[in-house]
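Secondary and tertiary structure notes
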Amino acid sequence: MYRILVIGAVSSTAQIIKKLVEHNLLVVGVLGHEPKDRDKVSGWADLSALSSSYNINYKGFTKINDQENLSWAIDKKPDIIFAVGFSQLVHEEWFSVSKLGCIGFHPTKLPLGRGRAPLAWITLEQSYGSASFFLMGKGADDGPVFVQSIFKVEENDDAGIVEGKIMQHIDIALDQWLPELKKGLWNPVPQCEHMASYYGIRKEEDGLINWNDNAEYINRLVKAASRPHPGAYTYYKDEKLLIWSCRVEKEIQFKGVIGRILLKNDNGEFLIQTGDGLLWIEEYAYKNGLSISVNIGDKLGYNIEDEIYKIKTILKKIQSE
């Protein structure tokens, strides 16, 4: 029976460990990422507790490439390593620790969407997601693929819903592939390089809403930046306002100034004019927990030239004193 070592940090890693155990594969150890600020790691999971429940040897790490982690892994004599759900790049030395190699995971329809922040990107683009398991190499998500379970991101899916679909398709993919792996079948299929595309990193500030954009795009941005991500945001009365959910208004005939609040309903939702189209803001909250009511006629965001003028006026006053 194969000896399997798992490296990871998030809920998808935990799901894979559960599936390996369910299929009676021998997990000889788990290396779990333990970041200093766990709140900044989307979907972080306590792999220590999970490993303990299965009587699996566990070691926490901060930097995966530290020699102590490599030595610990070598001692476990793994045939296969699953390295899933942590953002650090592993040194090439890891590829020789296991007899057969390192298996990676990516939630896109490889070779499409290699790279960073795939959950946010596929939600933003309303494209296809996938539970894709592949043999890791020197490149980014470019190794031959063992199995894929593909799904469509639907119009109303936000990042949380897409993440749930990814978890479901991890189960589907592993239920299909692990019985073959237990039989000793090892036949990954090379990716088509001419079809490859890549995603770049997304950061918290990429959730800033530009109300000059059209309603459809802002709607997708809000969904892409929604939980487990930090949230799309704008500014209101000099406070950071997080927008968690919204919907495009397709029937009301209303025209207003871009960024201005046009209507407000009994549920506290408000209608805003975008660069093209109207958008209902459904769930929102202030970054610092304040409770400030938004009002019809107010604008969201900043008028840059007006703000520069205010700052310059204040500076002139200070300089003249």
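These lines cover the structure that appears in this document, whether it is placed above or below. These numbers were taken from a predicted model, which means no experiment stands behind them.

1. Description of helix α1 (residues 11-22)
- Relative to the 16 Å expected for 12 residues at 1.5 Å per residue, α1 spans 16 Å between its end C-alpha atoms, a close match to the ideal helical length.
- Considering only its buried residues, α1 is in contact with β1 (3-8), β2 (26-33), α2 (47-53), β4 (80-84), β7 (128-135) and α5 (159-182).

2. Structural notes on the layout of surface pockets
- A volume near 270 Å³ is recorded for the second largest pocket.
- Of the residues in the lining of the second largest pocket, the class split is seven nonpolar, six polar and one charged.

3. Some thoughts on the nonpolar core
- L20, F82, F133, I170 and W177 are the most contacted members of the largest nonpolar core, which has 62 residues in total.
- Among the elements that make up this core, the one with the highest residue count is α5 (10 residues).
- Sequence-distant contacts of F82, that is, excluding residues within four places in its chain, are made with I4, L5, V6, I7, I16, L20, I103, F133 and W177.
- In this structure, I7, A9, A73 and I81 belong to the second largest nonpolar core, which totals 17 residues.

4. Concerning unusual backbone geometry
- Geometrically, the link from L110 to P111 is a cis peptide bond, its omega value of 15° lying close to zero.
- By the secondary structure assignment, P111 is in the loop between β5 (101-108) and β6 (114-115).
- The linkage connecting R227 with the following residue, P228, adopts the cis geometry, with an omega of 15°.
- Structurally, P228 is set in the loop between α6 (215-225) and β10 (232-236).
- One non-glycine residue with positive phi stands out, namely K237, at about 50°.

5. A word on the packing of aromatic side chains
- One pass over the structure, following the stated rule, counts 11 aromatic pairs.
- Each ring, one from F61 and one from F86, has its centre 6.0 Å from the other, and the planes form 80°; the classification is edge-to-face. Taken together, the residues F61 in strand β3 (residues 58-61) and F86 in the loop between β4 and β5 connect sequence positions 25 residues apart.
- On the basis of relative accessible area, F61 is assigned to the buried category, the value being 3%.
- A residue is classified by how much of its surface remains accessible, and F86, at 15% relative accessible area, is buried.
- An angle of 5° between the planes, with centres 5.4 Å apart, marks the rings of W121 and Y199 as stacked. Linking W121 in helix α4 (residues 118-125) with Y199 in strand β9 (residues 198-199), this pair joins segments that are 78 residues apart in sequence.
- Overall, the relative accessible area of 16% leaves Y199 in the buried class.
- Three or more aromatic residues link up through ring pairs in this structure, and these residues are F82, F105, F133, F146, W177 and W186.

6. Topic: the environment of W94
- With respect to the helices, strands and loops of the structure, W94 is situated in the loop between β4 and β5.
- Linking W94 and A73, residues 21 residues apart in sequence, is a C-alpha distance of 8.9 Å.
- Discounting residues that sit within four places of it in the chain, W94 has contacts with I7, L31, I64, N65, N69, L70, A73, I81 and C102.

Calculation criteria
- Residues numbered from 1 in each chain as written.
- Predicted model: local features only at pLDDT ≥ 70, side-chain atom pairs only at ≥ 80, totals over all residues.
- Heavy atoms only, no water.
- Helix = DSSP H or I, 4+ residues; strand = E, 2+ residues; numbered from the N terminus.
- Expected span 1.5 Å × (residues − 1).
- Contact = heavy atoms within 4.5 Å.
- 1 Å grid on protein atoms, 1.4 Å probe; cavity = no way out; pocket = protein on both sides within 12 Å on 5 of 7 lines; lining within 4 Å.
- Points joined across faces, edges and corners; volume = space filled by probe spheres on them.
- Nonpolar A, V, L, I, M, F, W, Y, C, P; charged D, E, K, R; others polar.
- Core = buried A, V, L, I, M, F, W, Y, C linked by side-chain atoms within 4.5 Å.
- Buried < 20%, exposed > 50% of the residue type's maximum accessible area, 1.4 Å probe, protein only.
- Phe/Tyr/Trp six-rings, centres within 6.5 Å; stacked < 30°, edge-to-face > 60°.

The values reported here are purely geometric and, on their own, carry no functional implication.
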